[in-house]
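Chain and residue survey
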2 protein chains.
Amino acid sequence: MDLSLKVTNCKECIYRSWAFKNLTDEELRLINDEKIEKYFRKGDNICLEGEPISSFMYLQNGLVKLYKTELNDREHIISIAKPNDFIGLLSIFSNVTHVYSVTAIEDSVVCFVDLAIIKNLIKTNGIFAIDFFEKISKIADSVIKTRVDINTRQLRGRIAYILLLFSKHIYNSTKYSLPISRKEVAELIDMSTENVIRVLSEFRKDKLIQIEGKNIEILDIKRLERVYDLG
Amino acid sequence: MDLSLKVTNCKECIYRSWAFKNLTDEELRLINDEKIEKYFRKGDNICLEGEPISSFMYLQNGLVKLYKTELNDREHIISIAKPNDFIGLLSIFSNVTHVYSVTAIEDSVVCFVDLAIIKNLIKTNGIFAIDFFEKISKIADSVIKTRVDINTRQLRGRIAYILLLFSKHIYNSTKYSLPISRKEVAELIDMSTENVIRVLSEFRKDKLIQIEGKNIEILDIKRLERVYDLG
DNA sequence: TATCATTAATGATATATATCATAATATATA
DNA sequence: TATATATTATGATATATATCATTAATGATA
């Protein structure tokens, strides 16, 4: 799909029903007129840590990573956002500058809506406000849960977690192409790149998965889930 | 202080100016009439994972821990909440049951306000809605940041982090009584109890801190910060 | 006060994980 | 296409951390 050819009208956006369902036609037209839809190639930066926040960002298509650059300029991935996620997490309310950087890990489409418009909708449309916060809270809550789930497990449990995450929550299939490198997996679950590779090889030898480069196929999801549960 | 003798009027509550500043007298009276102020002794449960959420909970006084019980029924502490924090984090918008358990680690006072009242204020008072989310977002954001900061460091850096956290963000002093056991510190930063004790002893030998049971005094905060920065 | 249970402390050992080294493969770039 | 660069892969080794064992200290309870 050549994303650069597609322009979406908010009214017809398949995600509208979820995030922006409680808007009047008038309010929706306002967003549609003001929104900017941008296309990013894999590897493109969407925003950088420290830059001022001016827009509410909504991932319409693709996949992006949210990450921080540590003191030793190692990168640390906080989470992977999928279509329908709000990319800026809660920072848009709690900060004036971006707390994380965001980069496309697949070709992606991001909708930018001026923050002032969103804030004004929250002020003037109470039903929208409640729905909006419900949505944004779920995403933030799941980021916290993910961090805890990862931290309380060791290598094998963490790798199992990641494999299941992509399978269940992102691609909805036991067969997919891993969108990030082994190094990025390491940055996401706080382990060394070598050990990510090693554990993946172990899983292959154990017939839990099949690997060919980026292509992953989960062969025994029940056993993989048990590896995750055991930590 | 015998907390059980004190009852606070919302209008005079010292925290009101921050969280509930944009309410009319009428709205404030509604909260004041409906709120329930409960007193908890150290060790008392305030809410348990899985229980239905019916109130918005606000820590007026004391200190509490938010934690999850893992499969192996080890407890894992997500964060420590201090006066002025919203205890339920974002779950009140994203869930119908509590995602974490909350227990007092010092004698504490919690205000319970019926969720329906808060949600109604969000719907009808736009300025309040914005302020409220700003506040709640900051707390959730800082929980995420803390988790990342801890996970990207190893033992010495993590212990330094905890010592500095209590000093800077909770007690505002380099000398304080640690409100949690070594075991709970371990549950908060994902390391073994023995190693928590060991690293604390190391820090004592290095003249970074002085310890007498629960009493901690940071002797060289600059060096302790460097230990944290180095990871 | 005596007794029990919990917490703190420390050493020895086992295990988990990171780092270093090297090679093979894949991917980008000129 | 050739060359450089990054990624994947695996083994050997060093380091970090957990676990086990034991004792001391502290706090709770009768």
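Provided above is the structure to which this section pertains.
Below, the structure is looked at part by part. (Residues numbered from 1 in each chain as written. Chains lettered and ligands numbered in written order. Predicted model: local features only at pLDDT ≥ 70, side-chain atom pairs only at ≥ 80, totals over all residues. Heavy atoms only, no water.)

1. A closer look at the protein's contact with DNA strand D
Neighbouring DNA strand D are 16 residues; Arg182(A), Ser201(A), Gln154(B), Asn195(B) and Arg198(B) lie closest to it. Here a base nitrogen of DNA strand D and a side-chain polar atom of Arg198(A) are 3.0 Å apart. Contact distances for DNA strand D include 3.3 Å between a base nitrogen and a side-chain N or O atom of Glu194(B). Among the secondary structure elements, those contributing two or more residues to the surface near DNA strand D are helix 8 (193-205) of chain A together with helix 8 (193-205) of chain B. Examining the composition of the surface near DNA strand D, we find that five residues originate from one element, helix 8 of chain A, more than from any other. Along the lines of polarity and charge, the residues of the surface near DNA strand D split into three nonpolar, five polar and eight charged. (Near = heavy atom within 4 Å. Polar contact = N/O pair within 3.5 Å; in protein donor to acceptor, adjacent residues only side chain to side chain. Helix = DSSP H or I, 4+ residues; strand = E, 2+ residues; numbered from the N terminus. Nonpolar A, V, L, I, M, F, W, Y, C, P; charged D, E, K, R; others polar.)

2. So, the pattern of salt bridges
Following the criterion strictly, the structure yields 30 salt bridges over all chains and no others. Across the salt bridge formed by Asp206(A) and Arg156(A), the nearest N and O atoms sit 3.6 Å from each other. On the criterion of sequence distance, the pair formed by Asp206(A) in the loop between helix 8 and strand 9 (209-212) and Arg156(A) in helix 6 (residues 155-171) is long-range, its members being 50 residues apart. The residue Glu187(B) makes a salt bridge to Lys183(B) at a minimum N-O spacing of 3.4 Å. Placement of the pair is Glu187(B) and Lys183(B) together in helix 7 (residues 182-189), with a separation of four residues, close to one helical turn. Via salt bridges that share partners, Lys65(A), Glu75(A) and Glu184(A) belong to a single interconnected network. (Salt bridge = Lys/Arg side-chain N within 4 Å of Asp/Glu carboxyl O.)

3. With respect to the interface of chain A and chain B
Facing 34 residues of chain A, the contacting portion of chain B comprises 34 residues. Interface area for chain A against chain B, summed over the two sides, is near 3100 Å², with a carbon-plus-sulfur share of 68%. Its largest share of buried area at the contact with chain B, chain A owes to Ile130(A), Asp141(A) and Ile144(A), together 18% of the area lost on that side. The element best represented in the side of chain A that touches chain B is helix 5 (residues 126-151) of chain A, accounting for 15 residues. (Contact = heavy atoms within 4.5 Å. Buried area = accessible area lost by both parts, 1.4 Å probe.)

4. A closer look at the packing of aromatic side chains
Under the criterion given, the structure shown has 29 aromatic pairs over all chains. Taken together, a centroid distance of 5.6 Å and an interplanar angle of 80 degrees make the contact between Phe132(B) and Phe133(B) edge-to-face. Phe133(B) matches Phe132(B) in its accessibility class, with the two residues each being buried. The ring centre of Phe86(A) lies 4.4 Å from the NZ or CZ of Lys135(A), which sits over that ring. Here the guanidinium or amino end of Arg153(B) rests over the ring plane of Tyr228(B), the centre of that ring lying 3.9 Å away. (Phe/Tyr/Trp six-rings, centres within 6.5 Å; stacked < 30°, edge-to-face > 60°. Buried < 20%, exposed > 50% of the residue type's maximum accessible area, 1.4 Å probe, protein only. Lys NZ or Arg CZ within 6 Å of the ring centre and 35° of its normal.)

5. What to know about the nonpolar core
In this structure, Phe56(A), Ile122(A), Phe132(A), Phe56(B), Ile122(B) and Phe132(B) are the most contacted members of the largest nonpolar core, which totals 94 residues. Those residues in contact with Ile122(B), other than ones at most four positions away along the chain, are Gly126(A), Ala129(A), Ile130(A), Phe93(B), Phe128(B), Ala129(B), Phe132(B) and Phe133(B). (Core = buried A, V, L, I, M, F, W, Y, C linked by side-chain atoms within 4.5 Å.)

Keep in mind these numbers describe shape, not what the thing actually does.
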